[in-house]
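# Coordinates in review
The residues making up each chain are set out below.
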Amino acid sequence: MVRIYTGSKNPTKIESVKEVFHSFDIEGVEVESKVSAQPFSDEETQEGAINRARECAKMKKGVMGLGLEGGVMEIADELYLCNWGALVDEFENLYLASGARIPLPEEIKIGLEKGRELGDIMDEYADKQEVRRNEGAIGIFTNAAVDRKEMFIHITRLLKGQYEFANRQKAEQA
């Protein structure tokens with residue numbers, strides 16, 4: 001059975017990967033994203049996901065690494081949620097995927113611009129604890145129509161689909 005190390009101990013991220021890669025052995029491990037605690041662009045958020053996946057993949061020969069990273073990005077002075085995923089397979093091939101985006105309220109943007117992390121701001125905003133480990137900002141701002149786990153499942157499905165397509169292509173060429 002192929003093992004996937006997921007670059008986080010966050011249960012939402014681990015459960016997302018388990019739901020998609022159900023026939024794989026999944027283990028969450030703490031690794032550094034090597035980006036800001038609060039990524040502030042698509043590029044930085046993507047880099048964090050890639051770094052997590054690569055750190056996981058090099059922990060042990062023959063394993064795959066999967067990194068999921070949440071952040072924010074700006075378009076025309078408006079701040080949006082963004083999420084990225086990266087999968088590094090056992091042959092060091094890299095697969096990337098991103099999720100949906102929604103705008104954030106101005107008061108959230110102001111808190112982020114002061115250097116605070118979105119998870120901390122969301123706990124106060126929603127008057128809840130551990131929003132980042134549960135519904136996430138996406139769950140709050142979509143009135144639970146989409147939650148953080150669902151967002152990461154979508155990204156993980158995109159990664160798995162690319163991985164399977166590449167393997168099918170290799171098999172057909174052999």
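Structure: see above.
Only a predicted model underlies this, so the values are computations on that prediction, with no experimental measurement involved.

### A closer look at helix α3 (residues 106–113)
- For α3, every residue scored as buried is listed here: Ile108, Lys109, Gly111 and Leu112. What you see down the axis of α3 is that its buried residues fit within an arc of 160°, all on one side.
- In the core, the buried residues of α3 are packed alongside β3 (64–75), β4 (78–88), α4 (118–126) and α5 (136–141).

### Describing the pairing of β4
- The element β4 is largely enclosed, with a buried count of ten among its eleven residues.
- The pairing of β3 with β4 spans eleven bridges and is classified as antiparallel. In the strand pairing of β4, Gly67 is matched with Ala86.
- What sits between the antiparallel neighbours β3 and β4 is a turn of two residues, in which Ala76 has the positive phi angle 50°.
- Judged from the five bridges that link them, β4 and strand β5 (residues 94–98) form a sheet pairing that is antiparallel. The partner of Trp84 across the bridge, within β5, is Ser98.
- Counted between consecutive antiparallel strands, the loop separating β4 from β5 contains five residues, among which Glu92 sits at a positive phi close to 70°.

What counts and how
Residues numbered from 1 in each chain as written. Predicted model: local features only at pLDDT ≥ 70, side-chain atom pairs only at ≥ 80, totals over all residues. Heavy atoms only, no water. Buried < 20%, exposed > 50% of the residue type's maximum accessible area, 1.4 Å probe, protein only. Helix = DSSP H or I, 4+ residues; strand = E, 2+ residues; numbered from the N terminus. Arc of directions from axis to C-beta. Contact = heavy atoms within 4.5 Å. Pairing = 2+ DSSP bridges.

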